[in-house]
Amino acid sequence: MLIALLALGSAAPAGAQLLEGPPVAGDPAAVPATVQPIERDPEDIIARTDQGEIRVLDLMNYFRFWRNVGSGEVDWENLNRMPDEWVFQIASNYAISQELVRQADLETDPIKQTAYREAFNSYLLNYSIPAIYKIWVEDQVVPATDEQVAEIYETEKPLYRIPFSFKMRRIYLMTYEHYTAREGDTLESIAVGINGNSGAIAGIRSDVDSRPLRWVPPEERESKLFRPLRAGEKLLVPMNAEARAGVGARLEAILAERAEGKTFEELAEEYSEAETAGDVIGPLPAGLRPLVRPLREAAEATAIGEISPIFETRHGFEVIEIVSKTEESFRPLDQVGESIRIRILERDMKRLDIKLNEAMFANPRMHIYEDVVLRAPDIEDDEVVFSIDDDQLTWANYKGFWGRNIGPRVPKEQALRMFRKFPPAKFLMTLAWCRDHKLFDSGELKIAHDVVRIGAIGKAVLDERVRAAEDAGVTEDAILARYELEKDSEYTRAGLISYQIIERHPGGDFGSLGEWRKKRALRSIAKQLKDELRERVHTLDDFMELAKETNLEPGQEPGAANGGSTPLAARDLDIRVIAGPTAEALSGLEVGEWSEPYAEGEVIRAVGLQDRTAGQIVPLEEVREDVENRVRADMRIQVSYEIQVGILKSVNFEFYPASAE
């Protein structure tokens, strides 16, 4: 049993298009539960045309490679299990493309031939570039040996260094005296008075969080700010030798309290003058600042969990407890060996890739038209600047890229380098390389070549014919007819209206009233508003003034909506959005008039009409482009469908549904 094309009919349904780019039938994962998957053998004949039989495998290959260029997410391997309706769509697309390619082979117009070839090349490159890279780069790379990895490891060993680091607690007692400056003090007098040595002036610090040095030598005062000493300023002044010794003795006495059962952490919390008293610090060293030598030496010499001897720095006496420590070492080869192998692989692949590019661009059939290129940018768009075999690139292809990367009047050598970087030139060289090495003669690339040729050229031919018929069909009469058909619904400007509403609300207990009492309350409010309108409103300006008084509540802007969906004031509002009693009241007013009070929901309103503009049809000239686009879109669907149906009839397309077996 077969399904003939005649069942399709000749009229195109809305949006119908058998072939719209690479065929996509749908996602097999989304097959409705009521549709049972159909098992087909890949060698089964699924359709037939005058060109021969079409197997399930042909469609699987066709769909497989089209999917790889980004035309859908259908799993081609499941094509032989799809419902008949979906397979019919793919088979008809395949048959249409086959016939269009046959007709393209007979084309003698060189412009059309070039267009078809470019369309084919652009899709084929999706398979050519990865294939070349695999054959001449990936497959040529030899994995690094253990000996090579070990040799590089030894050469680069400093890169894998693990630096010395540690965490600690500390007890720190500083060797500075706190001092508050008095009138008549100088830094020199303070240094002598506390330290006994005027040289101690260089160590005096400000007693603030950052504790910067206070003294600036005269020779540095052009580059560093030196502030005169002021009374009341708080300072830290280096102690004299005797006082420093006393600080060391005090730290020894603190450590002796461990004999009473106190932990180092407790002692640090109680006595340390560091901000981190009792806290774990580290890992150190942190950042780029090196550790002071006494601290580093103490850390290196002290085991984890042990307490160092007391040591002195220029800021005070200190003792540390080592919480954890990492000795300086190197990451072992077994941890970094894989990353070394990857870097060797990437290095070798890059080298082979460069070699491949050089080989491709050494093709003697490649020609750069130097006499043209060296006139850049004063070149006509249609002048040829590059060619290989029958493929050519013009200045129109190059000028945007050229202008972004190099200026005019470039030397020949630079021009050649630029062509190597220009993607279209590289793509054409890639295709030439594939053909020279007969990559399309067998295997996966032959399948890709054949089915992409059917799909790409078939689509290009169909697109060209549809555009031609579309251009011929988009006539002035067609545009005018479409405009007349849709002008009332699509090309009419809405009428605009400006108005002001007066709104009165019932009292606060209104919601608790019964229906009859609510109606009576609203009637009372309506009567009060009617009387007020009669007494106070004689012009629309009076109406507006009353609205301003009535509608405003504390903190409310004029014209805000209090009740209902219609705003209390509107300027140039689309008439079509107004509904309900307000729309009815406005419909009976002339500009400058106002309505009697009316109920809108649970409020009473009156509306005054400020302005009204009738809707009008937009002239054709203002919307011509949109009308033409609509005509063109419909024409494209209709023409494409008719061309494809005609092709299927002409080749006597027959489909063999699996469900009929």
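Residues numbered from 1 in each chain as written. Predicted model: local features only at pLDDT ≥ 70, side-chain atom pairs only at ≥ 80, totals over all residues. Heavy atoms only, no water.

S.K.: Help me understand the overall build of the protein chain in this model?
M.R.: Broken down by element type, the protein chain carries 19 helices and 22 strands. Split into buried and exposed, the 661 residues of the protein chain put 40% on the buried side. (Helix = DSSP H or I, 4+ residues; strand = E, 2+ residues; numbered from the N terminus. Buried < 20%, exposed > 50% of the residue type's maximum accessible area, 1.4 Å probe, protein only.)

S.K.: Where do I start with the packing of aromatic side chains in this structure?
M.R.: Evaluation of the coordinates by the stated rule reveals ten aromatic pairs. With a centroid separation of 5.7 Å and 20° between ring planes, the pair formed by Tyr153 and Tyr160 is classed as stacked. Across this residue pair, the class does not change: Tyr153 and Tyr160 are buried. Centre to centre, the rings of Phe164 and Phe166 are 5.6 Å apart; their planes meet at 35°, and the pair counts as tilted. The burial state of Phe164 is the same as that of Phe166; both residues are buried. Members of the aromatic cluster, each reached through a chain of ring pairs, are Phe88, Phe653 and Phe655. Residue placement shows Arg221 over the ring face of Phe226; its charged tip is 3.8 Å from the ring centre. (Phe/Tyr/Trp six-rings, centres within 6.5 Å; stacked < 30°, edge-to-face > 60°. Lys NZ or Arg CZ within 6 Å of the ring centre and 35° of its normal.)

S.K.: Would you mind going over the pattern of salt bridges with me for this structure?
M.R.: Where charged atoms of side chains with opposite charge meet at close range, the side chains can pair. Within this structure, the stated rule accounts for 54 salt bridges. The closest approach of N and O atoms between Glu328 and Arg161, which form a salt bridge, is 3.3 Å. You can see Glu328 sitting in the loop between strand 11 (316-326) and strand 12 (329-330) and its partner Arg161 sitting in strand 4 (residues 161-162), a full 167 residues away along the chain. The shortest N-O distance in the salt bridge between Lys527 and Asp531 comes to 3.2 Å. One end of the pair is Lys527 and the other is Asp531, both in helix 16 (residues 515-536) and four residues apart, which spans about a single turn. Residue Asp531 is classed as partly exposed on the basis of its relative accessible area of 25%. Look at the salt bridges and you will find they share partners, linking Arg482, Glu486, Glu490, Asp626, Arg630 and Asp634 into a network. (Salt bridge = Lys/Arg side-chain N within 4 Å of Asp/Glu carboxyl O.)

S.K.: Looking at this model, I keep getting lost on the sheet that holds strand 9 (residues 281-284). Mind explaining?
M.R.: Within a sheet, neighbouring strands are paired by backbone hydrogen bonds and run either parallel or antiparallel to one another. Sheet architecture is open: four strands sit in the order 9-5-11-10, paired in antiparallel fashion. If you trace the sheet from one side to the other, it starts and ends with strand 9 and strand 10 (311-313), each paired once. The mean angle between the axes of side-by-side strands here comes to 45°, regardless of whether they run parallel or antiparallel. Against the sheet, helix 6 (residues 241-256) makes contact with strand 5 (165-174), strand 10 and strand 11, and its axis sits at roughly 120° relative to strand 5, the strand it touches most. Across the face of the sheet, helix 7 (residues 264-271) comes into contact with strand 5 and strand 11 while running at roughly 45° to strand 5. (Pairing = 2+ DSSP bridges. Axes fitted to C-alpha atoms, helices over the stretch in contact; angles between N-to-C directions. Contact = heavy atoms within 4.5 Å.)

S.K.: Just checking my understanding: could you explain the environment of Thr145 for this structure?
M.R.: Within the secondary structure layout, Thr145 lies in the loop between helix 3 (110-136) and helix 4 (146-155). Considered as a pair, Thr145 and Arg341 are 196 residues apart in the sequence and their alpha carbons are 8.5 Å apart.

S.K.: Hey, could you run me through the side chain of Thr302 in this one?
M.R.: Relative to the assigned elements, Thr302 resides in the loop between helix 8 (293-301) and strand 10. We classify Thr302 as buried; its relative accessible area is 6%. Among residues more than four places away in sequence, those in contact with Thr302 are Ile307, Ser308, Ile322 and Lys325.

S.K.: Would you explain unusual backbone geometry in this entry?
M.R.: Trans is the common state for peptide bonds, and a negative phi is the common state for residues other than glycine. The omega torsion of the bond from Gly282 to Pro283 falls at 10°, within 30 degrees of zero and hence cis. Pro285 follows Leu284 through a cis peptide bond whose omega is -5°. Relative to the helices and strands, Pro285 resides in the loop between strand 9 and helix 8.

S.K.: In this structure, what is going on with the environment of Ala119? I would like to understand it.
M.R.: On the secondary structure map, Ala119 appears in helix 3. Considered as a pair, Ala119 and Lys459 are 340 residues apart in the sequence and their alpha carbons are 8.6 Å apart. For Ala119, the residues in contact, after removing those within four places along its chain, are Ala456 and Ala460.

S.K.: Honestly, the pairing of strand 3 (residues 52-55) in this entry has me stumped. Any pointers?
M.R.: Of the pairings in the sheet, the one linking strand 2 (residues 45-49) to strand 3 comprises four bridges and is antiparallel in character. Residue pairing for strand 3: Ala47 is matched across the bridge by Ile54. Between strand 2 and the antiparallel strand that follows it, strand 3, lie two residues.

S.K.: Looking at this model, I keep getting lost on the sheet that holds strand 6 (residues 176-180). Mind explaining?
M.R.: Within the open sheet, the three strands sit side by side as 6-8-7. Their pairing is antiparallel. Only two strands of the sheet have a single partner each, and these edge strands are strand 6 and strand 7 (205-206). Sheet topology note: the strand 6/strand 8 (residues 234-238) ladder contains five bridges and is antiparallel. What sits directly across from Thr180, in strand 8, is Lys234. Sheet strands touched by helix 5 (residues 187-195): strand 6 and strand 8. Its angle to strand 8, the strand with the most contacts, is close to 50°.

S.K.: For this particular structure, what's the right way to read helix 18 (residues 580-587)?
M.R.: Every α-helical turn comprises 3.6 residues, leaving residues that sit three or four positions apart pointing alike. Within the sequence span of helix 18, burial applies to Thr582, Ala585 and Leu586. Buried residues of helix 18, seen end-on, are gathered within an arc of 95° and therefore sit on one face of the element. Opposite the packed face of helix 18, turned more than 90 degrees from it, sit the exposed residues Glu584 and Ser587. Taken together, the buried residues of helix 18 touch strand 17 (496-504), strand 19 (598-600) and strand 20 (603-613). (Arc of directions from axis to C-beta.)

S.K.: Sorry, what's going on with the confidence of the model for the protein chain here?
M.R.: In the predicted model, the protein chain carries a mean pLDDT of 84, and the fraction of residues at 70 or more is 88%. In this model, residues 1-35 is a region of pLDDT below 50 whose contacts with residues beyond four sequence positions or in other chains number 82 contacts. Within the model, the stretch residues 69-73 combines pLDDT values under 50 with ten contacts to residues more than four positions away or in other chains. (pLDDT = per-residue confidence, 0-100.)

S.K.: Please explain the packing of helix 2 (residues 84-105) against helix 19 (residues 620-650) as it appears in this structure.
M.R.: To characterise two packed helices, one gives the angle between the axes of the helices and the distance between these axes. Here helix 2 crosses helix 19 at 85°, and the two axes come no closer than 9 Å. On the basis of the axis angle, helix 2 is roughly perpendicular to helix 19. Between helix 2 and helix 19, the residues in contact are Ser92, Asn93, Ala95, Ile96, Glu99 and Leu100 and Gln644, Ile647 and Leu648, respectively. A class-by-class count of the residues in the contact of helix 2 with helix 19 yields five nonpolar, three polar and one charged. (Parallel < 35°, antiparallel > 145°, perpendicular 65-115°, else oblique. Nonpolar A, V, L, I, M, F, W, Y, C, P; charged D, E, K, R; others polar.)

S.K.: Sorry if this is basic, but what is going on with helix 15 (residues 476-490) here?
M.R.: At Glu484, helix 15 shows its strongest bend, of approximately 35°. Within the sequence span of helix 15, burial applies to Ile479, Arg482, Tyr483 and Glu486. (Bend = angle between axes of the 7 residues up to and from the residue.)

S.K.: I would appreciate a short explanation of the environment of Val385 in the present structure.
M.R.: Residue position: Val385 is located in strand 14 (residues 384-388). On the basis of relative accessible area, Val385 is assigned to the buried category, the value being 1%. Each C-alpha atom of the pair Val385 and Trp395 lies 6.1 Å from the other, and the pair is ten residues apart in sequence. Setting aside chain neighbours within four positions, we find Val385 in contact with His367, Ile368, Tyr369, Val372, Val373, Leu393, Thr394, Trp395, Tyr398 and Phe419.

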